[in-house]
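Architecture and fold: a report
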Amino acid sequence: MDPTHLMRQRGTWVRRTSSPTERDGDGNPTIVETRRSVRCWVAPSSSNENTDRQNVQTNRFVAYLPTSAALAGPDQLEVGGVTYEADGPSEAWTHPLSTLVAYRTCPLRLVR
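Read on for a plain summary of the structure. No experiment lies behind these values; they were computed from the predicted model shown.

A word on the packing of aromatic side chains. On inspection of all chains with the given rule, the structure shows three aromatic pairs. Taking 6.4 Å as the distance between ring centres and 10 degrees as the angle between the ring planes, the aromatic pair formed by Trp93 and Tyr103 counts as stacked. In this pair, Trp93 is assigned in strand β6 (residues 91-94) and Tyr103 in strand β7 (residues 101-110), connecting sequence segments ten residues apart. The structure contains a cluster of three or more aromatic residues connected by ring pairs, namely Tyr64, Trp93 and Tyr103.

If you want it as structure tokens, here you go:
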């Protein structure tokens, strides 16, 4: 089973890692971004509103990705002019009969 034909959105996977050699003015490692085009599908997963002391609305999404896109940590996904940030590691989903990885999912939160 290959569900990539269902991943009809084009996105950009922004892999964010710490530079092993470059440092900022405070001596902290700088962030290096590597951009890669990826097919995906982003869908809403949940939302809630916290009205205790302030109105804060939180929207969560889930990204369906090909097996090669293992988003995690500070990685971002840009789709249709919207930027999402990985809200946890991506998970591999295996086919029940072949035990091959069919696709990956990753929880996302809206950045802007």
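Let us now look at the environment of Thr17. In this structure, Thr17 sits in strand β1 (residues 9-23). Residue Thr17 is classed as partly exposed on the basis of its relative accessible area of 37%. For the pair Thr17 and Ile31, spaced 14 residues apart in sequence, the C-alpha separation works out to 5.6 Å. With residues up to four places along the chain from it excluded, the contact list for Thr17 reads Thr30, Ile31 and Val32.

Once that is clear, we can look at the pattern of salt bridges. Here the structure, examined in full by the defined rule, presents six salt bridges. Linking Glu33 and Arg35 is a salt bridge whose minimum nitrogen-to-oxygen distance equals 3.9 Å. Among the ionic pairs, Arg109 bridges to Glu85, the shortest N-O distance being 2.3 Å. Placement of the pair is Arg109 in strand β7 and Glu85 in strand β5 (residues 82-86), with a sequence separation of 24 residues.

Looking at the element boundaries, Thr67 is found in the loop between β3 (56-65) and β4 (76-79). On the basis of relative accessible area, Thr67 is assigned to the partly exposed category, the value being 38%. Once the C-alpha coordinates of Thr67 and Val101 are considered, the two residues, 34 residues apart in sequence, prove to be 6.7 Å apart. In this structure, Thr67 is in contact with Val101, Ala102, Tyr103 and Arg104, ignoring residues within four places of it in sequence.

Grouped together as the largest cluster of nonpolar side chains are 15 residues, with contacts concentrated most on Val42, Leu65, Leu71, Leu77 and Leu108. Those elements giving two or more residues to this core turn out to be β2 (29-50), β3, β4, β5 and β7. Ignoring any residue separated from it by four or fewer positions in sequence, one finds Leu65 in contact with Met7, Arg39, Cys40, Leu71, Leu77, Tyr103, Arg104 and Cys106.

Scoring rules and cut-offs
- Residues numbered from 1 in each chain as written.
- Predicted model: local features only at pLDDT ≥ 70, side-chain atom pairs only at ≥ 80, totals over all residues.
- Heavy atoms only, no water.
- Phe/Tyr/Trp six-rings, centres within 6.5 Å; stacked < 30°, edge-to-face > 60°.
- Helix = DSSP H or I, 4+ residues; strand = E, 2+ residues; numbered from the N terminus.
- Buried < 20%, exposed > 50% of the residue type's maximum accessible area, 1.4 Å probe, protein only.
- Contact = heavy atoms within 4.5 Å.
- Salt bridge = Lys/Arg side-chain N within 4 Å of Asp/Glu carboxyl O.
- Core = buried A, V, L, I, M, F, W, Y, C linked by side-chain atoms within 4.5 Å.

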